[in-house]
Amino acid sequence: MILVFGKTGQVARELALHSGLTCLDRAAADLSDPSACAAAIRLRRPRAVINAAAYTAVDAAEEHEAEATAINGDAPGAMAAECAALGIPFVTLSTDYVFDGGGETPWRPGDAPGPLGAYGRSKLAGERAVAAAGGVWAVLRTSWVVSAHGNNFVRTMLRLGAERDELRVVADQIGGPTPARDIATACLRMVQGLETAPERAGVYHFAGSPDVSWAGFARAIMAQAGLDCRIHDIPSAEYPTPAARPANSRLDCRGFTAAFGMERPDWRAGLGEILNALKEG
Ligand SMILES: NC(=O)C1=CN([C@@H]2O[C@H](COP(=O)(O)OP(=O)(O)OC[C@H]3O[C@@H](n4cnc5c(N)ncnc54)[C@H](OP(=O)(O)O)[C@@H]3O)[C@@H](O)[C@H]2O)C=CC1
Ligand SMILES: Cc1cn([C@H]2C[C@H](O)[C@@H](COP(=O)(O)OP(=O)(O)O[C@H]3O[C@@H](C)C(=O)[C@@H](O)[C@H]3O)O2)c(=O)[nH]c1=O
Ligand SMILES: [Mg+2]
């Protein structure tokens with residue numbers, strides 16, 4: 001059995017569609033209590049652990065950094081330490097928001113992080129705690145997660161696109177939208193890969209292709225959904241938010257493909273599947 005932290009989130013819901021997994025919701029394991037997470041692993045004796053739970057409210061994290069750091073920093077660290085003690089692989093997710101967004105070159109896993117906000121700092125704290133715990137661990141940084149469930153940009157655009165004739169969307173933040181379904185597959189590939197070749201432990205990048213601005217992504221969503229809503233390109237300065245977002249969120253995913261044999265998924269295909277799932281309701 002593979003133990004998954006998270007049950008209701010975008011990635012956790014896609015993981016739960018696979019067999020051989022036990023998914024823990026907040027009632028079964030609250031990440032604001034890291035030692036309870038370690039205890040849950042000890043009790044259940046899985047062959048591997050995937051952490052798909054996190055504090056993901058980017059703007060709210062600015063005012064709740066201590067809570068975000070407990071959940072995104074301390075809890076994965078405690079999980080990783082327990083997995084190291086048990087000699088089992090541990091996979092956790094991180095984000096493009098650990099980078100400062102400078103330049104236009106896709107970020108490589110070894111590039112220096114420089115988070116612009118509290119969410120990114122809390123996720124970086126988690127990466128560092130996991131690496132420090134030792135054992136057979138992997139951090140998968142992904143970006144712009146989308147699915148038919150939960151809070152994500154596709155669902156926001158569908159809601160707003162049905163209400164309005166035009167929308168202003170930032171065009172100077174570029175990244176790779178990533179279907180949660182593909183992230184779930186990637187996590188399971190990593191578990192298998194780490195079981196057979198533990199020397200693959202480390203930090204990896206995995207994002208959908210092609211890279212696009214939020215405005216470009218919004219236009220694709222409106223077009224594929226058949227919504228008549230015009231998207232105006234705006235600079236980030238015209239869409240002020242409590243937390244700054246990186247301008248360059250491009251992730252260089254070649255190391256992941258080389259290690260685990262999975263290419264970057266085309267988000268345009270994933271978007272079609274999400275729209276179909278929402279239509280079938
Ligand atoms: N969403 C995105 O765009 C991106 C996400 N990521 C990372 O990918 C991973 C998965 O994200 P995603 O699936 O989108 O997340 P979601 O925001 O969809 O879900 C978050 C999950 O974490 C759970 N959770 C939050 N706080 C706690 C807590 N204190 N104890 C237990 N469970 C808790 C939530 O449970 P509940 O329903 O009870 O609140 C929910 O199941 C995260 O590590 C995230 O940082 C990386 C890049 C982009
Ligand atoms: C709704 C809306 C958003 N925007 C902008 C704000 C923001 O820069 C961008 C995306 O909005 P979101 O609120 O979805 O962005 P955000 O919540 O920051 O998404 C991030 O979530 C975390 C968890 C991650 O790890 C990141 O990879 C990333 O996916 O679009 C507009 O320009 N116009 C709009 O009408
Ligand atoms: Mg959001």
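About the cut-offs
Residues numbered from 1 in each chain as written. Chains lettered and ligands numbered in written order. Predicted model: local features only at pLDDT ≥ 70, side-chain atom pairs only at ≥ 80, totals over all residues. Heavy atoms only, no water. Helix = DSSP H or I, 4+ residues; strand = E, 2+ residues; numbered from the N terminus. Buried < 20%, exposed > 50% of the residue type's maximum accessible area, 1.4 Å probe, protein only. Pairing = 2+ DSSP bridges. Right-handed = clockwise from strand over helix to strand, strands pointing away. Phe/Tyr/Trp six-rings, centres within 6.5 Å; stacked < 30°, edge-to-face > 60°.

1. Some thoughts on the environment of Gly193
Part 1: Locating Gly193 in the fold gives a position in helix α6 (residues 180-196).
Part 2: Since its relative accessible area comes to 4%, Gly193 is described here as buried.
Part 3: In this structure the C-alpha to C-alpha distance between Gly193 and Phe260, which are 67 residues apart in sequence, comes to 6.5 Å.

2. Topic: the pairing of strand β4 (residues 90-95)
Side-chain positions along a regular strand alternate between the two faces of the sheet.
Part 1: For β4, a buried count of 6 out of 6 residues is recorded, marking the element as mostly surrounded by other parts of the structure.
Part 2: Of the two faces of β4, the one lined by Phe90, Thr92 and Ser94 and the one lined by Val91, Leu93 and Thr95 are each fully buried.
Part 3: Where strand β3 (residues 48-51) lies against β4, 3 bridges are found, and the strand directions are parallel. Across the sheet, the residue bridging to Asn51 is Thr92, located in β4.
Part 4: Assessed by its sense of winding, the connection that carries the chain from β3 through helix α3 (residues 65-86) to β4 is right-handed.

3. What to know about the packing of aromatic side chains
Part 1: In total, this model carries 10 aromatic pairs according to the counting rule given.
Part 2: Centroid distance Phe217 to Trp267: 5.0 Å. Interplanar angle 75°. Geometry classified as edge-to-face. Here Phe217, found in helix α7 (residues 214-225), pairs with Trp267, found in helix α9 (residues 267-280); they are 50 residues apart in sequence, far enough to count as distant. Like Trp267, Phe217 is buried.
Part 3: An aromatic cluster is built from Trp144, Phe153, Trp214, Phe217 and Trp267, whose rings are joined through pairwise contacts.

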